[in-house]
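Chain residues, written in single-letter form:
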Amino acid sequence: MQTNAFLPLALPAVLSPGQEVVFSETASFSFNRYTLSVQTPWPLSGLLTYEKDGVPCTEEFFLPAGNTSFASFVDGILSGASAERPCSISFTPLPKGKEVFGEITLTSLGFTKTECPPERVFLDNGIIK
């Protein structure tokens, strides 16, 4: 279930480094996975804030420079956790605090609900698990 229609943000969106986009009018819906695509001249640290059980939760993620796509499950997915409402997203060029010039283009942003694995998943090559 793609839910971009609930975000008060027209894409593509050109953002300034460090600008926080607040989704103040976002409807409540359940999701456990988020995806995004950006165009950026620098590596980025990103912050996504969403509500989980009515409490704001913030996840940090990292993106390389260039045209890149990213997907992640919300924290606690293996325990069956899901989020209820995206609140905000922001991007900070790395290294943090360095003066930068230019813009970040957010080309896609999506929130979906997918099935959670019934139990923990492990990688195992017979030697390392």
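Engineer: Can you break down the environment of Val100 residue by residue, with the values?
Structural biologist: On the secondary structure map, Val100 appears in the loop between strand 7 (85-93) and strand 8 (104-112). Since its relative accessible area comes to 22%, Val100 is described here as partly exposed. A C-alpha to C-alpha distance of 9.9 Å links Val100 and Ser16, two positions 84 residues apart in sequence. Excluding anything up to four places from it in sequence, Val100 contacts Pro17, Trp42 and Pro93.

Engineer: Outline the pairing of strand 8, listing residues and values.
Structural biologist: The element strand 8 is extensively covered by neighbouring structure, given that 7 of its 9 residues are classed as buried. Judged from the 7 bridges that link them, strand 3 (residues 33-40) and strand 8 form a sheet pairing that is antiparallel. Note on strand 8: the bridge partner recorded for Val38 is Leu106.

Engineer: Give me the packing of aromatic side chains: which residues, what numbers.
Structural biologist: Under the criterion given, the structure shown has 8 aromatic pairs. Ring geometry for Tyr34 versus Phe61: centroids 6.2 Å apart, planes at 55°, classification tilted. Highlighted residues: Tyr34 in strand 3 and Phe61 in strand 5 (residues 55-63), separated in sequence by 27 residues. Exposure remark for Tyr34: the relative accessible area of 1% places this residue in the buried category. Between Phe61 and Phe70 the ring centres are 5.1 Å apart and the planes differ by 20°, which places this aromatic pair in the stacked class. For Phe70, a relative accessible area of 22% puts it in the partly exposed group. Here the aromatic cluster, defined as three or more aromatic residues joined through ring pairs, consists of Phe29, Phe31, Tyr50 and Phe111.

Engineer: Talk me through the state of the cysteines; I want residue IDs and the actual numbers.
Structural biologist: When the sulfur atoms of two cysteines share a covalent bond, that bond is a disulfide. In this structure the tally under the stated criterion is 0 disulfides. Of the cysteine sulfurs around Cys57, a residue in no disulfide, the closest is that of Cys87, at 9.0 Å. The buried category is assigned to Cys87, whose relative accessible area is 12%.

Conventions used here
Residues numbered from 1 in each chain as written. Predicted model: local features only at pLDDT ≥ 70, side-chain atom pairs only at ≥ 80, totals over all residues. Heavy atoms only, no water. Helix = DSSP H or I, 4+ residues; strand = E, 2+ residues; numbered from the N terminus. Buried < 20%, exposed > 50% of the residue type's maximum accessible area, 1.4 Å probe, protein only. Contact = heavy atoms within 4.5 Å. Pairing = 2+ DSSP bridges. Phe/Tyr/Trp six-rings, centres within 6.5 Å; stacked < 30°, edge-to-face > 60°. Disulfide = S-S within 2.5 Å.

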